[in-house]
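What the coordinates show
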Amino acid sequence: GLGTSTRAAQVQHRRNTRSSAVPRGSPRANRRLKRDAMSDANGSPPRAMEEEDADRRPQRSPREGSPERKDAPARKERERDPAADIVKITDVDAAFVLGKGGATKRKIARVSGATLEIVDLKSAGASSGMEGAEIEITGTPAARQRAKDYVGYVLSQRTGPVYIDHTMRRDDLSIVMVPMDCVGYVMGRGGQVLRDMENEWGTLMFFAKKKEDEGKDALADGDKVQEILAIFGTRRSRRGAELKVMSAVEHKMPGHFLDGESLRDPLDQPGDGEDDDFDYDVFPFRGDEFSYALGGRGSTRKKIASAANCILEYVGQVAFLAGNERQRGQCRDYLDWLLKQKEGEFYVDVSGRDDVTTVKVPTKSVGYVTGHKGEGLRAVEASTRTFCFTNGRPPAPDDGADDAMNDVMNDAEKDGGNGDEEEEDNRPGAENDGARKRGRSPEPRMKPRGGSDDHEVVLIFGDDKDDREKARRMITDKVRDHARHGGGGGGGGGGRKR
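Scope of this entry: the structure provided in the associated data block.

What counts as what
Residues numbered from 1 in each chain as written. Predicted model: local features only at pLDDT ≥ 70, side-chain atom pairs only at ≥ 80, totals over all residues. Heavy atoms only, no water. Helix = DSSP H or I, 4+ residues; strand = E, 2+ residues; numbered from the N terminus. Buried < 20%, exposed > 50% of the residue type's maximum accessible area, 1.4 Å probe, protein only. Contact = heavy atoms within 4.5 Å. Areas by Shrake-Rupley, 256 points an atom, 1.4 Å probe, with all protein chains shown as cover. Axes fitted to C-alpha atoms, helices over the stretch in contact; angles between N-to-C directions. Parallel < 35°, antiparallel > 145°, perpendicular 65-115°, else oblique. Nonpolar A, V, L, I, M, F, W, Y, C, P; charged D, E, K, R; others polar. Pairing = 2+ DSSP bridges. Salt bridge = Lys/Arg side-chain N within 4 Å of Asp/Glu carboxyl O. Left-handed = near helix turned anticlockwise from the far one by under 90°. Expected span 1.5 Å × (residues − 1). Polar contact = N/O pair within 3.5 Å; in protein donor to acceptor, adjacent residues only side chain to side chain.

1. Side note on the overall build of the chain
For the chain, the count of helices and strands is 17 helices and 18 strands. Put simply, the chain has 498 residues, and 41% of those count as buried. Relative to all contacts within the chain whose residues are 6 or more apart in sequence, the contacts with residues 24 or more apart total 70%. For the chain, the accessible area works out to roughly 28500 Å², and carbon and sulfur atoms hold 47% of it.

2. Thoughts on the packing of helix H4 (residues 91-98) against helix H5 (residues 103-112)
At a minimum axis distance of 5 Å, the contact between H4 and H5 shows a crossing angle of 70°. By the angle between their directions, the pair H4 and H5 is classed as roughly perpendicular. Seen from H4, the contacting residues are Phe96, Val97 and Leu98; seen from H5, they are Ala103, Thr104, Lys105 and Ile108. Counted by class, the contact of H4 with H5 contains five nonpolar, one polar and one charged residues.

3. Re unusual backbone geometry
We note that Arg297 has phi near 55°; this positive angle belongs to a residue other than glycine. With respect to the secondary-structure elements, Arg297 resides in the loop between helix H10 (289-294) and helix H11 (299-308).

4. Side note on the pairing of strand S13 (residues 318-323)
Summarising burial for S13: six of the six residues are buried, a large majority. Of the two faces of S13, both are covered, the one formed by Val318, Phe320 and Ala322 as well as the one formed by Ala319, Leu321 and Gly323. Pairing between strand S11 (residues 279-284) and S13: six bridges, direction antiparallel. Counterpart to Pro284 in the pairing with S13 is Val318. Hairpin connection, strand S12 (residues 311-315) to S13: the antiparallel pair is bridged by two residues, and Gly316 has positive phi, about 65°.

5. Considerations on the pattern of salt bridges
For the structure on display, the rule yields 30 salt bridges. We note a salt bridge from Asp172 to Arg170, for which the minimum N-O separation is 2.8 Å. Overall, Asp172 belongs to the buried group, its relative accessible area being 4%. Owing to a relative accessible area of 17%, Arg170 belongs among the buried residues under this scheme. Of the charged contacts, one joins Glu381 and Arg378 as a salt bridge, the two residues approaching to 2.6 Å between their closest N and O atoms. With a gap of three residues between them, Glu381 and Arg378 both fall in helix H14 (residues 375-384), about one helical turn apart. Exposure class is identical for Glu381 and Arg378. Each is buried.

6. Quick word on the environment of Leu339
The residue Leu339 is located in helix H12 (residues 325-340) in this model. Once the C-alpha coordinates of Leu339 and Glu289 are considered, the two residues, 50 residues apart in sequence, prove to be 6.8 Å apart.

7. Digging into the sheet that holds strand S2 (residues 115-120)
One open sheet accounts for three strands, arranged S1-S3-S2; its pairing is antiparallel. Each end of this open sheet is capped by a strand with a single partner; those strands are strand S1 (85-89) and S2. Each neighbouring strand pair of the sheet contributes to a mean axis angle of 20°, computed without reference to strand direction. Contacts from helix H6 (residues 141-159) reach S1, S2 and strand S3 (133-138) within the one sheet, and its direction differs from that of S3 by about 145°.

8. So, the packing of H5 against H6
Interaxial distance between H5 and H6 falls to 9 Å at its minimum, and their mutual angle equals 140°. It follows from the interaxial angle that H5 and H6 lie oblique. Crossing angle aside, the handedness with which H5 passes H6 is right-handed. On H6, the residues touching Thr104, Ile108, Val111 and Ser112 of H5 are Ala143, Arg146, Ala147, Tyr150, Val151 and Val154. Of the residues that constitute the contact of H5 with H6, the class distribution is seven nonpolar, two polar and one charged.

9. A word on helix H17 (residues 465-484)
With 20 residues, H17 extends 29 Å from end C-alpha to end C-alpha; this agrees with the ideal 28 Å at 1.5 Å per step. Along H17, the residues classified as buried are Asp467, Arg468, Ala471, Ile475, Thr476, Val479 and His482. Here the buried face of H17 lies against strand S14 (356-362), helix H13 (366-370), H14 and strand S18 (455-461). N-capping of H17 is provided by Asp464, with a side-chain oxygen placed 2.9 Å from the backbone N of Asp466. One or two residues past the end of H17 sits Gly486, with phi positive at roughly 90°.

10. As for the side chain of Thr357
Of note, Thr357 is situated in strand S14. A relative accessible area of 17% means that Thr357 is categorised as buried. A polar side-chain atom of Thr357 sits 3.1 Å from a polar atom in the side chain of Arg468. Those residues within four positions of Thr357 in sequence are excluded, and the remaining contacts are Val458, Leu459, Ile460, Arg468 and Arg472.

This is a description of form; function is not addressed.
This is the structure:
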């Protein structure tokens, strides 16, 4: 009758639905076909088949608190490191110290040099009735003390401003006075700019107030209102973060830190003036040199800093170089050579240097290696923390000078130099009693590139030998790749572009 037809249609619909969800030929599909063949008129599978399917279903584990788990042994209490320092905190404080994805805890551990473990007392097998959490801090005594101090500073930020004694001389603390008008700019939206500085330099940074000024809104310094920015970390990391903040403030409020090309107050932080060669130099830019040495989104500055393994930050129109004597010397040379690329090719005498690797490149492959506008070498630099460019041909000896060059120079002298005279450079750290001569490079046609007629020399500069070797292999692979493709094409540029 009508009821039987309806039930049959329902059974067929269920079969079609089940079969479309299960791949054909699979064990499950074969069982369903067998069960459908044995079903009765109502579409109900035999009980034996239901029991067979039930046997194949995975068995769920008993829930917590079920009779099967009542007699289970209690979890063993977590063993504690006897040398660890313990800081007891609330659950809310634990979440704040942990930070998003554990970022704050990792930052405190990185800056302090200690290891932090946050333990939830309720789930750690501790005695019943224990609530909250505790921080287990391990490491050297100095590292553990730093970690406890940093945890205290972080927790203070949750409930209000942090008050510190800005006159104390801790070997892990630098203080920068930031104008109130620049505090928001330095912090960024949601504190993101400050967090980025912390990640870049491996520091812990926050704004604080004088301990004796508790209850006041700001610190008056003459006619300016400023706030304390505390920077915790190693000497090198603190100096890098300090210069980064100074760069931001000077951009927002020109003249706050600089008086022309000089600092209003010399940098003086804990660790400065020790009996080692860690120090800082300044390198003022002239004209459009600043934008050329900065590069897009600071790419050129970062490249020079990485290659020299030196702190390099631009405060206003002045470059600050910080590190040991070797690092600062390399950084100054790289900046000099970078700026000379604006004027044409030039020759660098690399004899006696231990920060350079040379590669001879066939003249026909130079354009392929350097790429369009030097993009090929820029890719090598980005991958290897190096500074690369093609070297010019060495100048001819005085007794064999080219007559054409002599004629050009004589004409220039008659015309009063035509702008080719040497200009005095009084940058700090320059040679010749503080006055360095920066001669304008001759026209490129008067100083041809390359080491010889059949090849040119690519110079790879970098503080790390392994980085230079990696760059050498990359350039050599480019030369071989060009040879395999018949040696055609090119790119030009010769490494003159940033």
